[in-house]
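Architecture at a glance
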Amino acid sequence: MDLALRVYALTRDRFFTQAGDLRSQLRRAALSVSNNIAEGFERGSTAELLAFLCIARGSAGETRSALCFTERFPEAAHLRSQ
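Residues numbered from 1 in each chain as written. Predicted model: local features only at pLDDT ≥ 70, side-chain atom pairs only at ≥ 80, totals over all residues. Heavy atoms only, no water.

A word on the packing of aromatic side chains. This model, assessed by the stated rule, comprises three aromatic pairs. Judged by centre distance (5.1 Å) and plane angle (90°), the ring pair of Phe15 and Phe16 falls under edge-to-face. The pair formed by Phe15 and Phe16 is uniform in burial state, with each residue classed as buried. Put simply, the rings of Phe15, Phe16, Phe69 and Phe73 pair up and form one aromatic cluster. (Phe/Tyr/Trp six-rings, centres within 6.5 Å; stacked < 30°, edge-to-face > 60°. Buried < 20%, exposed > 50% of the residue type's maximum accessible area, 1.4 Å probe, protein only.)

This brings us to helix α2 (residues 22-43). Counted at 1.5 Å a residue, the expected span for α2 with its 22 residues is 32 Å, and the 31 Å between its end C-alpha atoms agrees. The largest bend in α2 comes to about 30°, at Ser32. Listed in full, the buried residues belonging to α2 are Leu26, Arg27, Ala29, Ala30, Val33, Ser34, Asn36 and Gly40. Check the buried side of α2 and you find it contacts α1 (2-10) and α3 (46-71). Taken from the residues just after α2, Gly44 is the one with a positive phi, measuring 95°. (Helix = DSSP H or I, 4+ residues; strand = E, 2+ residues; numbered from the N terminus. Expected span 1.5 Å × (residues − 1). Bend = angle between axes of the 7 residues up to and from the residue. Contact = heavy atoms within 4.5 Å.)

What follows is the structure in structure tokens.
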């Protein structure tokens, strides 16, 4: 949840109001991490928990990829200090 809260705060920045779906994609991926962990835990079996942990890990990778993509934009230089 901390990841999602930080991503939501970060994406309030004007950089993320540009045309495109980067803000939405980043927010969905970040929130999916904790949501998938919670869903896997609630399923009740170890196998399902492990499956959802793998999905959560994929969402974390997607979040990381989107943040790395953002880093490459000169217009987003001010975000690096956050």
